[in-house]
Amino acid sequence: MSFPPKSSRIATWLWGHELLAFENDANHMYSTWVRQFGPLFKIKAALFHPDIIIATDRAAVRHIYANSKTYIKTPAFRNQVAKILGKGLVWAEGDDHAFQRRILGPAFSAESIKGMANDVFECAEQLESLLVNHVRAYGEQGTLVNIFKYTSIPTLDIIGRVGFGHDFNAASLADFDPAAPETDAQTMIATWAGVMHKAYTFPAFLAPVIVRAVPAWLSARLSHTQAQNRISTTIARIAAPIVSAAQRGEHSGNGKDILSILTRAGKDSEGKLREELTDETIISNINTFIIAGQQTTADALNFTLLELAQHPEAQQKLRSELLASESNLDYDSVQEMPYLDAVVKEGLRLHSPLPQPERLALQDDVIPLSTPIHTASGEILHSIRISKGQAFYLPVITAQTDPSVWGPEAYTFIPERWLSPGGIPSQHELPHGWSGLLAFADGPRNCIGYRLAVMEMKVILAVLIRSLEFRDTGVPVRQRLLQTLSPMVNGEAGVLPLHVKIASA
Ligand code: HEM
């Protein structure tokens with residue numbers, strides 16, 4: 001298997017190829033190397049760790065995701081997850097994961113998500129009025145807005161409401177001092193911002209590299225882990241009494257939130273809550289949904305709004321589709337809008353918020369390949385043997401922008417490609433995953449919240465684009481992997497300036 005060159009500039013003896021990948025935009029180096037070495041190659045890991053396989057080969061990725069009991073999340077990652085999210089769905093492996101997934105599944109079915117639509121619309125409309133009022137104060141020409149500060153408002157409010165019937169009242173996030181947060185929502189977002197602002201520094205590169213090399217007790221002392229812990233402490237404090245009430249059958253939600261569905265689905269044949277469904281499991285999962293579902297969806301919205309600002313013709317086309325709708329916007333009308341659907345898919349293709357899932361092989365295995373490897377001795381390999389302990393990175397944006405699959409305009413935002421016959425590669429050229437993408441991963445551990453995420457994106461974009469116009473400022477925006485995919489401007493993380501004005505019909 002090939003390696004990128006080992007010149008000291010590219011692979012240093014101490015940091016392998018990992019530092020270079022970390023310093024560049026998310027997946028950028030992997031995309032460069034895929035063009036040179038094909039969709040499966042090895043990189044040198046930092047601190048003398050064994051080499052890591054980078055895989056975007058669709059048969060290999062499908063095999064890895066499908067065999068989730070053989071390819072697990074790395075122990076270092078799970079240690080962090082246990083402390084930050086608790087021992088919920090993201091942390092669980094094997095039979096425990098299968099149990100949790102079975103119990104939680106009904107809360108994320110198509111029908112359950114439809115039942116959450118009113119909450120999603122209300123939160124989206126609240127953001128719409130907030131922005132409209134803000135922008136209107138500047139008259140017709142509108143004003144510059146750091147949209148990054150606004151997209152977390154509906155995504156946090158939605159997950160609070162549909163998660164456990166709690167209102168975070170996140171509107172105050174539009175204007176607050178992160179050094180002196182006053183509400184739970186402000187504490188959580190300020191903590192997240194603190195983590196993100198450090199996440200592109202060298203210590204942040206070092207943290208996971210050290211975590212995989214040292215025992216769990218030491219990793220827990222890293223400030224990085226401790227900061228994230230503050231988010232889960234806040235969530236646990238809010239969630240604990242609500243969960244206890246739900247366990248007693250006294251939860252006052254509207255019956256359509258995840259907690260209500262979970263406590264209904266988690267009852268045994270005698271109507272008693274199954275004992276495996278402890279308060280701790282439920283609180284860990286509420287925590288998991290808030291952290292896994294809030295910033296990811298906000299990131300997807302940030303970058304899709306940036307693309308729409310940079311492609312005014314696409315934005316106008318979307319607005320025309322929204323305004324042409326004869327009925328008021330509701331769950332059904334939003335589902336039926338083809339251009340909106342194409343915009344969401346194109347946004348997630350180019351800007352997947354979790355662009356680098358990783359896995360570790362628990363046993364020796366043979367992995368099938370869709371692109372055969374030609375060895376130096378002239379052999380053609382249609383599969384590769386790997387050994388127990390082999391680590392993998394599965395770069396999502398690299399796979400979804402590979403010009404050998406998506407063509408010469410692979411990196412360009414073209415929603416129309418999803419609407420014209422032959423506009424996207426044929427099914428056998430695409431990975432197995434939602435809409436032929438890997439944005440929500442694949443297999444038994446795919447994103448359980450994908451339907452909710454897609455509905456949130458559709459509703460929030462629909463509500464914003466019908467009344468506001470977003471324009472690019474021309475400032476270069478980088479997309480760095482800082483826990484999730486984050487915009488960075490002039491070296492500052494969490495900044496995405498867009499010019500916003502009231503839309504003319
Ligand atoms: C655009 C938004 C989102 C994206 C792109 C996204 C992406 C992903 C990806 C790639 C994974 C697999 C990670 C891995 O296995 O390494 C994942 C897992 C997960 N996601 Fe999402 N997600 C989004 C929104 C949400 C939402 C809204 C929720 C819940 C409310 C959620 C909850 C979860 C959970 C619980 C898992 C773990 C599933 C399991 O291991 O069985 N996500 N997500």
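Bear in mind the structure is a predicted one, so any value in this text is a computation, not a measurement. (Residues numbered from 1 in each chain as written. Predicted model: local features only at pLDDT ≥ 70, side-chain atom pairs only at ≥ 80, totals over all residues. Heavy atoms only, no water.)

Engineer: Mind laying out the coordination of the iron atom of the ligand, listing which residues take part and the relevant values?
Structural biologist: Coordination of the iron atom of the ligand by the protein involves just one donor, Cys 447 (SG), at a distance of 2.3 Å. Its location among the elements puts Cys 447 in the loop between helix H19 (403-406) and helix H20 (450-467). (Donors = N, O, S within 2.8 Å, 3.2 Å for Na, K, Ca; no water. Helix = DSSP H or I, 4+ residues; strand = E, 2+ residues; numbered from the N terminus.)

Engineer: I'd like to hear about the sheet that holds strand S12 (residues 492-493), residue by residue, with values.
Structural biologist: The three strands lie next to each other as S10-S11-S12, forming an open sheet whose pairing is antiparallel. Every other strand in the sheet has two partners, leaving strand S10 (478-482) and S12 as the edge strands with one partner each. With two bridges connecting them, strand S11 (residues 484-489) and S12 associate as antiparallel partners. Of the residues in S12, the one forming a bridge with Met 488 is Ala 493. (Pairing = 2+ DSSP bridges.)

Engineer: Kindly report on the pattern of salt bridges, identifying the contributing residues and their values.
Structural biologist: Under the criterion given, the structure shown has 17 salt bridges. The closest approach of N and O atoms between Lys 458 and Asp 341, which form a salt bridge, is 2.8 Å. One end of the pair, Lys 458, is in helix H20; the other, Asp 341, is in helix H17 (residues 338-350), and 117 residues separate them in sequence. The exposure class assigned to Lys 458 is buried, which follows from its relative accessible area of 4%. Sharing partners across several salt bridges, the network here consists of Asp 119, Glu 122 and Arg 161. (Salt bridge = Lys/Arg side-chain N within 4 Å of Asp/Glu carboxyl O. Buried < 20%, exposed > 50% of the residue type's maximum accessible area, 1.4 Å probe, protein only.)

Engineer: Would you mind going over the environment of Lys 149 in detail, with residue names and values included?
Structural biologist: Position of Lys 149 among the secondary structure elements: in helix H8 (residues 148-164). The class of Lys 149 is partly exposed, set by a relative accessible area of 37%. Distance in space between the C-alpha atoms of Lys 149 and Asn 302 is 9.7 Å, their sequence separation being 153 residues. If we ignore the near neighbours within four places in the chain, the residues touching Lys 149 are Leu 173 and Ala 174. (Contact = heavy atoms within 4.5 Å.)

Engineer: How would you summarise H20 if you had to cite specific residues and measurements?
Structural biologist: Between its terminal C-alpha atoms H20 stretches 26 Å, which fits the 26 Å expected from 18 residues at 1.5 Å a residue. Among the 18 residues that make up H20, 15 are buried, leaving the element largely enclosed by the rest of the structure. (Expected span 1.5 Å × (residues − 1).)

Engineer: With reference to specific residues and values, describe the UniProt feature "binding site: heme" (unreviewed entry) in the chain.
Structural biologist: Residues given the UniProt feature "binding site: heme" (unreviewed entry) here are Cys 447. Apart from the residues lying within four places of it in its own chain, the contact partners of Cys 447 are Arg 101 and Phe 440. (UniProt positions renumbered as here; feature names shortened; annotations may be inferred.)

Engineer: How would you summarise the site of the ligand if you had to cite specific residues and measurements?
Structural biologist: Near the ligand there are 29 residues, and of these His 97, Arg 101, Arg 359, Arg 445 and Cys 447 occur at the shortest range. Taking His 97, its side chain carries an N or O atom lying 2.6 Å from an oxygen atom of the ligand. Within the contact set of the ligand, an oxygen atom lies 2.8 Å away from a side-chain nitrogen or oxygen of Arg 101. Mapped onto the shell around the ligand, the elements with two or more residues apiece are helix H5 (94-104), helix H14 (279-310) and H20. Ranked by residues supplied to the shell around the ligand, first place goes to H14 with seven residues. (Near = heavy atom within 4 Å. Polar contact = N/O pair within 3.5 Å; in protein donor to acceptor, adjacent residues only side chain to side chain.)

Engineer: Outline the nonpolar core, listing residues and values.
Structural biologist: Side chains that are nonpolar tend, in soluble globular proteins, to be buried together. Ile 147, Leu 156, Phe 164, Ile 286, Ile 290, Met 455 and Phe 470 are the most contacted members of the largest nonpolar core, which has 110 residues in total. Those residues within four positions of Phe 164 in sequence are excluded, and the remaining contacts are Ile 159, Ile 238, Ala 239, Ile 242, His 251, Asp 257, Leu 259, Ile 286 and Ile 290. Within the second largest apolar cluster, 20 residues are counted, among which are Leu 40, Ile 64, Ile 386 and Val 396. (Core = buried A, V, L, I, M, F, W, Y, C linked by side-chain atoms within 4.5 Å.)

Engineer: Break down the sheet that holds strand S3 (residues 71-72) for me, citing the residues and quoting the values.
Structural biologist: The sheet built from five strands is open, its strands ordered S1-S2-S8-S5-S3 with mixed pairing. Strands with a single pairing partner mark the edges of an open sheet, and in this sheet they are strand S1 (40-43) and S3. Taken together, the two bridges between S3 and strand S5 (residues 358-361) define a ladder with antiparallel strand orientation. Paired with Tyr 71 across the strands is Ala 361, a residue of S5.

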